[in-house]
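# A look at the structure
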Amino acid sequence: MPKYTMYAPKLSNVPWQEKPEGHINSPLWRYTENPIIDRNPLPGVTRIFNSAVMPYEDKFVGVFRGEQTNGVPYIYLGWSQDAVHWDFEPEKIPFVDEEGKPFMPIYAYDPRLVKVEDTYYIIWCQDFYGAAIGVAKTQDFKHFVRIENPFLPFNRNAVLFPRKVHGNFMMMSRPSDSGHTPFGDIFISESPDMVFWGKHRHVMSRGNSWWEGLKIGGGAAPIETSEGWLLFYHGVTQTCNGYVYSIGGAILDIDEPSKVKYRCNNYLLTPEEWFEERGFVPNVTFPCATLHDPETGRIAVYYGAADSYVGLAFGYLDEIIDYIKDNSKTTNDDTELGRR
């Protein structure tokens, strides 16, 4: 019998590979056929990475950061029957404003994709006279309507919760600067309508562990469980050879998600394979999405690798939560409400 419960729709066809024999030091293990998206995936796009996927009808849909040959990132739509092999639409997602007029961002990158009730929301980083968060909604993946930008510059790594809490939408973000941001904590805000945002709370500070001592940021949309919200996030350290991005794990309070119940002192995944260590930006594992099945407890984590590829890792809910709890180390900044 499972030790913990995952509250999510059944997904029996979540991509999966069993844990390899002798695997140690993490509750996550990599797909042996990684990377699942290689370089030059479609005309005019040299790299796809830091992208998000989810089930839709009888297949899977994804929003993908496509780095064009001119160096400008945009968001592309992709489809898959198995969530591993992807076909991409050749043109950028055609965003419009609420009057139906074309309204394309100057650039757009690191998208997340989250369904709340009957609407799918795409959240990304864009230019709003500085780095900021952009949001669009769709119900059919044919019409994409941009709504108001939730926050002022400078901000990145916005992650929407998959359901309302106390009747309000909840979104995490990471205030930043206009560059590569050598600092950063995770905050959370709430909204009654996805337009007006407030009740801002601090969630987590950068960690004391080596792998997250510089900055942190939200990753995949949190997964609702009987222990709280399971969060995969990224942590960054600075070495003599540049930044290193690792994947961490935490569990947030189910009713007050600005409170951290458990925070793993160890990384869950760090750059070790060639496609994570070698690329346009070396030494990056950057989580953006999960597919998960409550009946089996299986979780598939999609992550960007070295700003060049998309990787896939697997884990069981029980093992992930136990590992986070067994290796948890929190501070007062983590466990308090986050209001000062």
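Scroll up for the structure.
## Digging into the side chain of Arg112
Relative to the helices and strands, Arg112 is located in strand 7 (residues 108-116). At a separation of 2.8 Å, a polar atom in the side chain of Arg112 contacts the main-chain carbonyl oxygen of Gly218. For Arg112, the side chain forms a polar contact with the main-chain oxygen of Gly219, separated by 3.1 Å.

## Describing the sheet that holds strand 22 (residues 309-316)
Spatially, the four strands line up as an open sheet ordered 1-22-21-20, and their pairing is antiparallel. Unpaired on one side and paired on the other, strand 1 (29-30) and strand 20 (285-293) mark the two borders of the sheet. Note that strand 21 (residues 298-305) and strand 22 share eight bridges and pair antiparallel. Within strand 22, the position partnered with Val301 by the bridge is Ala313. The strands touched by helix 2 (residues 317-326) are strand 1, strand 21 and strand 22; relative to strand 22, the strand with the most contacts, the crossing angle is about 90°.

## Some words on the side chain of Ser173
Within the element layout of this structure, Ser173 appears in strand 12 (residues 169-175). Judged by relative accessible area, which is 4%, Ser173 ranks as buried. Engagement of the side chain of Ser173 in a polar contact is seen with the side chain of Asn155, the distance being 3.3 Å. Look past the residues within four positions of Ser173 in its chain and what remains in contact with it is Phe151, Asn155, Arg156, Asn157, Ala158, Asp185, Ile186 and Phe187.

## Let's talk about the packing of aromatic side chains
With the rule as written, the count across this model stands at 25 aromatic pairs. Taken together through their ring pairs, the aromatic side chains of Tyr56, Trp79, Phe95, Tyr120, Trp124, Phe141 and Phe144 make up a single cluster. Directly above the ring of Phe280 sits Arg47, whose terminal nitrogen or CZ lies 3.8 Å from the centroid. Residue placement shows Arg146 over the ring face of Phe103; its charged tip is 3.8 Å from the ring centre.

## Here's the deal with empty space enclosed by the protein
Enumeration according to the criterion identifies one cavity of 30 Å³ or more in this entry. The computed volume of the largest cavity comes to approximately 60 Å³. What lines the largest cavity is Tyr109, Asp110, Arg112, Ile123, Trp124, Cys125, Ile133, Arg156, Asn157 and Ala158.

## As for helix 2
Looking only at helix 2, the buried set comprises Leu317, Ile320, Ile321, Tyr323 and Ile324. Seen end-on, helix 2 carries its buried residues on one side only, within an arc spanning 160°. Against strand 16 (223-225), strand 17 (228-239), strand 18 (242-252), strand 19 (260-263), strand 21 and strand 22 lie the buried residues of helix 2.

## Things to note about the nonpolar core
Core analysis: the biggest nonpolar cluster contains 44 residues, and Ile36, Trp86, Leu113, Ile122, Phe141, Leu291 and Tyr302 have the highest contact counts within it. When residues of this core are traced back to their parent elements, those giving at least two are strand 2 (45-56), strand 3 (59-68), strand 4 (73-80), strand 7, strand 8 (119-127), strand 20, strand 21 and strand 22. With six residues, strand 2 is the single largest residue contributor to this core. Setting aside chain neighbours within four positions, we find Leu291 in contact with Leu11, Val14, Pro15, Val53, Met54, Pro55, Phe60, Ala83, Arg298, Ile299, Ala300 and Tyr302.

Quick notes on the rules
Residues numbered from 1 in each chain as written. Predicted model: local features only at pLDDT ≥ 70, side-chain atom pairs only at ≥ 80, totals over all residues. Heavy atoms only, no water. Helix = DSSP H or I, 4+ residues; strand = E, 2+ residues; numbered from the N terminus. Polar contact = N/O pair within 3.5 Å; in protein donor to acceptor, adjacent residues only side chain to side chain. Pairing = 2+ DSSP bridges. Contact = heavy atoms within 4.5 Å. Axes fitted to C-alpha atoms, helices over the stretch in contact; angles between N-to-C directions. Buried < 20%, exposed > 50% of the residue type's maximum accessible area, 1.4 Å probe, protein only. Phe/Tyr/Trp six-rings, centres within 6.5 Å; stacked < 30°, edge-to-face > 60°. Lys NZ or Arg CZ within 6 Å of the ring centre and 35° of its normal. 1 Å grid on protein atoms, 1.4 Å probe; cavity = no way out; pocket = protein on both sides within 12 Å on 5 of 7 lines; lining within 4 Å. Points joined across faces, edges and corners; volume = space filled by probe spheres on them. Arc of directions from axis to C-beta. Core = buried A, V, L, I, M, F, W, Y, C linked by side-chain atoms within 4.5 Å.

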